[in-house]
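# Results of the structural survey
Here are the chains, one letter per residue:
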Amino acid sequence: MVVDRRRGEVVVGLALVAFGVTLTALAWRMPAGSVSLPGPGFMPSAVGILLALTGLGCTLRTMTANDAPGTVSLGRLNAWGALATLAVVAFLFEPLGAPLTLALAMTALFRLAGGYRLVRCALSGVIAAAVAWLVFTRLLGVGLPAGILPL
């Protein structure tokens, strides 16, 4: 699909604003804590605010620019595959657990982004999932769901 570049940039900017506002609104119910001792709502609120401000900046820059019109293609299968992978992660994270879900997701993302052989992507995905698991559970003390794997 080919769309007008300016229109596409405005739509993407407004989508970023919408996602940022939604994330901030959802995080608003969680305790924010403080900068020195952040609560569970601190990071989602900060990311949501920054995302909304970035989207607003992109939208305003595009609307005030005097660039020549152009077109953009939105048909890259790899980008849609990456978005689908991230959406599936949200549904599999609890039932399958963090280690298996992250390994599968990272394998898919390495394959989509790099185009490497599946064996190399799977090995890289398992290593990335193990590193993420260790960082979050051991270093940061965050409880991630183990799922179907006995860890």
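Report follows, based on the coordinates. Remember, it's a predicted structure, so these values are computed and weren't measured experimentally. Position numbers for residues start from 1 in each chain and track the written sequence from start to end. At least 70 in pLDDT is required for a residue's local features to be given in this predicted model, at least 80 for side-chain atom pairs to be given and counted, and no such filter applies to totals for whole chains, interfaces and linings, which use all residues. In computing side-chain properties, one takes all heavy atoms of the structure into account and sets aside hydrogens as well as water.

## Side note on the overall build of the protein chain
Only runs of H or I of at least four residues qualify as helices and only runs of E of at least two qualify as strands under DSSP, and these elements are numbered from the N terminus. Within the protein chain, the secondary structure is distributed over 5 helices and 2 strands. N-terminal to C-terminal, the α/β element order of the protein chain is β-α-α-β-α-α-α. Computation of the radius of gyration draws on C-alpha atoms, with the globule rule given as 2.2 Å multiplied by the number of residues to the power 0.38. Taken over the C-alpha trace, the protein chain has a radius of gyration of 19 Å; the compact-globule value for 151 residues is 15 Å, which it surpasses by more than 25%. Overall size of the protein chain, expressed as C-alpha extent along the three principal axes, is 55 × 45 × 20 Å. The buried share of the protein chain, taken over its 151 residues, is 19%. Partitioning the contacts of the protein chain with sequence separation of at least 6, the portion at a separation of at least 24 is 60%. In the structure as shown, the protein chain presents an accessible area of about 10,400 Å², 74% of it carried by carbon and sulfur atoms. Buried residues are those whose accessible area, probed at 1.4 Å on protein chains only, stays under 20% of the maximum for their type, while exposed residues exceed 50% and partly exposed ones sit between those limits. Two residues qualify as a contact provided that any one of their heavy atoms is within 4.5 Å of a heavy atom in the partner residue. All accessible-area figures derive from a Shrake-Rupley calculation using a 1.4 Å probe, and residue coverage is judged against the displayed protein chains alone.

## Looking at a nonpolar patch on the surface
Patch membership requires more than 30% relative accessible area and the absence of a salt bridge. Residues of like charge join within 9 Å; the nonpolar side chains Val, Leu, Ile, Met, Phe, Trp and Tyr join within 5 Å. By definition, a salt bridge exists where a carboxyl oxygen of Asp or Glu is found within 4 Å of a side-chain nitrogen of Lys or Arg. Together, Leu123, Ile127, Val131, Val135, Phe136, Leu139, Leu140 and Val142 make up an exposed nonpolar region whose accessible area comes to about 740 Å². Position of isoleucine 127 relative to the elements: it lies in helix H5 (residues 118-139).

## What to know about helix H1 (residues 5-27)
It helps to recall that an α-helix has 3.6 residues per turn; residues three or four apart then point in one direction. Taking 1.5 Å per residue as the helical rise, H1 with its 23 residues ought to reach 33 Å, and the 33 Å between its terminal C-alpha atoms agrees with that figure. Along H1, the residues classified as buried are Arg5, Gly13, Gly20, Thr24 and Ala27. To estimate how far a helix should reach, multiply one less than its number of residues by 1.5 Å.

## A closer look at the packing of helix H4 (residues 98-114) against H5
Structural elements are reduced to axes, namely lines fitted to C-alpha atoms, with helices fitted over the stretch in contact, and the angle between N-to-C directions of any two is expressed from 0 to 180 degrees. At a minimum axis distance of 7 Å, the contact between H4 and H5 shows a crossing angle of 135°. The angle between H4 and H5 falls in the class oblique. Seen along the crossing, H4 lies across H5 with a hand that is right-handed. Counted together, Ala98, Pro99, Leu102, Ala103, Met106, Thr107, Phe110 and Arg111 of H4 and Leu118, Cys121, Ala122, Ser124, Gly125, Val126, Ala128, Ala129, Ala132 and Trp133 of H5 form the full contact between these two elements. All residues other than Ala, Val, Leu, Ile, Met, Phe, Trp, Tyr, Cys, Pro, Asp, Glu, Lys and Arg, Gly among them, are scored as polar; the first ten of these are nonpolar and the last four charged. Residues belonging to the contact of H4 with H5 are distributed by class as follows: 14 nonpolar, 3 polar and 1 charged. Convention used here: angles under 35 degrees read as roughly parallel, angles over 145 as roughly antiparallel, angles from 65 to 115 as roughly perpendicular, and any remaining angle as oblique. In this scheme the crossing of two helices becomes right-handed for a clockwise turn of the near helix relative to the far one and left-handed for an anticlockwise turn of less than a right angle.

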